[in-house]
Amino acid sequence: MAPTSFQRRKSFKFVLKRSQLYIIGIVILLAIAYFAVSGIIYGNGTSSISATQSFSLAPNGSMLFTLPGNPRTYSLFLKSSSDVGATFYISAVPILANPISVVTLNTLGSSNLSSGAGSVADMHMDLLSSSEAKASFEITPILTSLGLKVSGNVYLMNPVVPGESSSSSASSGATTVPTTTIVQSGPTTTIQSQSANNPTVMALVNNTSLGKLMLNYKALYIKDQACTSSGYSSAYRQAIGSAPGGPNSFANVSKFTPTNVNITTSKVSGSTYNITYSIAAPSAQAAGMAIILQMNSSSAVVLSQKFIGPYQGLNYTVLESQFNYQNGLTGDCGAYIPYIPGR
């Protein structure tokens, strides 16, 4: 294994003051001493990374991991690997509903990254070796309180712009979210709205591009509830070229695959309505309100569309590409296969 001393880590791709370097050195040394025996792997295949930890992946392989003090689960995917370097994708789970950080490292290169695609780093990654068969690397947690910035060689797919949402035009008033109740029914979490649907408004919204797309998603998710373990393995081989396993197993992926899209309407005022698209999924992490579309029923004009919850950071173009990809796979398991732009 490559050395994990602080001297080696002085090759980070950023500029720091001497006092900051001293603090980082102390933090890393204390973290290694305190958490040396705590890098456990849970039964669900998720690595709990509390200190510097080494991993190896084959191209198109992936792993799930968590970081100290952060309740979210993240996925790391090895897009490609060669003798000179490797490209990795990192995203919060569920992958389909979150921005993806992309980093290409030369062998023995390193970068500071944000697991949640932010601007402040919470992890450091070293590429120890790479070949066409696999890439070996280390991940070290970084305290966000240090305020270290993400390295310049990291870029985002579908980045989230704080305070901004995709809109057809400017909204002419505050968005009102309909009252909802989360209901756990067996293994599936659904969202039940307390507002009644308006047939006239639904007829209008179902004729919009986004409305049609979400109806297609609804049909896809309902159809793919018939997915079986063997069917998933076949679809995964078709899409990825290898057998699924570990975090990509049918049991793990099933937790985050949507099973339905619930659509409700809520009157804001006058002729203005909110149409809310909510995702139903076995895991609460992947479920919840995903899109709030506001429409004027008199003019049939979409006033705004906001992507939230499991769809935070996405837009129509990405959702359409994702649907076309998943719907194009044979069988009843397309919704189980993650769409990663550029794959």
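Our subject in this report is the structure included herewith. Since this is a predicted model, take the numbers as computed values, not measurements.

## Side note on the packing of helix 3 (residues 209–223) against helix 6 (residues 316–327)
Then comes step 1: Close contact between helix 3 and helix 6 brings their axes to 11 Å; oriented N to C, the two are set at 35°. Where helix 3 crosses over helix 6, the handedness of that crossing is left-handed. Taken together, the residues of helix 6 that come into contact with helix 3 (itself represented by Ser209, Leu210, Leu213, Asn216, Tyr217, Leu220 and Tyr221) are Tyr316, Leu319, Glu320, Gln322, Phe323, Gln326 and Asn327.
Then comes step 2: Taken together, the residues of the contact of helix 3 with helix 6 break down into eight nonpolar, five polar and one charged.

## Some remarks on the pattern of salt bridges
Then comes step 1: Under the defined criterion, the tally for this structure stands at two salt bridges.
Then comes step 2: With a closest N to O distance of 2.7 Å, Lys223 and Asp224 form a salt bridge.
Then comes step 3: For Lys223, the salt bridge is made with Asp332, and the minimal N-O distance between the two is 3.5 Å. Taken together, the positions of Lys223 in helix 3 and Asp332 in the segment after helix 6 put the pair 109 residues apart, joining distant regions of the chain.
Then comes step 4: Among the charged side chains, a network of salt bridges with common partners joins Lys223, Asp224 and Asp332.

## Topic: the sheet that holds strand 13 (residues 260–269)
Through backbone hydrogen bonds, the strands of a sheet pair up, either in parallel or in antiparallel fashion.
Then comes step 1: Read from one edge to the other, the open sheet built from four strands follows the order 13-14-15-16, with strand pairing classed as antiparallel. Each edge of the open sheet carries a strand with a single partner, namely strand 13 and strand 16 (301–307). Between one strand and the next, the sheet's axes are offset by a mean angle of 20°, whatever the strand orientation.
Then comes step 2: Here eight bridges tie strand 14 (residues 272–280) to strand 15 (residues 288–296), and the two strands are oriented antiparallel to one another. Paired with Ile279 across the strands is Gly288, a residue of strand 15.
Then comes step 3: Against the sheet, helix 3 contacts strand 13, strand 14, strand 15 and strand 16, and its axis sits at roughly 145° relative to strand 13.

## Re the sheet that holds strand 8 (residues 123–130)
Then comes step 1: Here we have four strands laid out as an open sheet, ordered 2-9-8-7, and antiparallel in their pairing. The open sheet has two edge strands with one neighbour each: strand 2 (53–57) and strand 7 (110–113). The average angle at which neighbouring strand axes cross in this sheet is 25°, direction not considered.
Then comes step 2: Pairing of strand 8 with strand 9 (residues 135–141) involves seven bridges; the strand directions are antiparallel. Opposite Met125, over in strand 9, you have Ile139 as the bridge partner.

## Quick notes on the environment of Ile263
Then comes step 1: The residue Ile263 is located in strand 13 in this model.
Then comes step 2: Counting along the chain gives 13 residues from Ile263 to Thr276, while the straight-line C-alpha distance between them is 5.7 Å.

## Topic: the side chain of Thr272
Then comes step 1: When you line up the elements, Thr272 lands in strand 14.
Then comes step 2: Setting aside residues no more than four positions away along its own chain, Thr272 makes contact with Lys267, Gln294, Met295, Asn296 and Leu303.

## Considering the pairing of strand 3 (residues 62–66)
It is a general feature of regular strands that their side chains alternate between the two faces of the sheet.
Then comes step 1: The buried count for strand 3 comes to five of five residues, which makes it a mostly enclosed element.
Then comes step 2: Residue alternation in strand 3 divides its side chains into two sets, Ser62, Leu64 and Thr66 and Met63 and Phe65, and both sets are buried.
Then comes step 3: Here strand 1 (residues 46–48) pairs with strand 3 via three bridges, running parallel. Paired with Ser47 across the strands is Phe65, a residue of strand 3.

Scoring rules and cut-offs
Residues numbered from 1 in each chain as written. Predicted model: local features only at pLDDT ≥ 70, side-chain atom pairs only at ≥ 80, totals over all residues. Heavy atoms only, no water. Axes fitted to C-alpha atoms, helices over the stretch in contact; angles between N-to-C directions. Helix = DSSP H or I, 4+ residues; strand = E, 2+ residues; numbered from the N terminus. Left-handed = near helix turned anticlockwise from the far one by under 90°. Contact = heavy atoms within 4.5 Å. Nonpolar A, V, L, I, M, F, W, Y, C, P; charged D, E, K, R; others polar. Salt bridge = Lys/Arg side-chain N within 4 Å of Asp/Glu carboxyl O. Pairing = 2+ DSSP bridges. Buried < 20%, exposed > 50% of the residue type's maximum accessible area, 1.4 Å probe, protein only.

These values are about where atoms sit, not about what they do.
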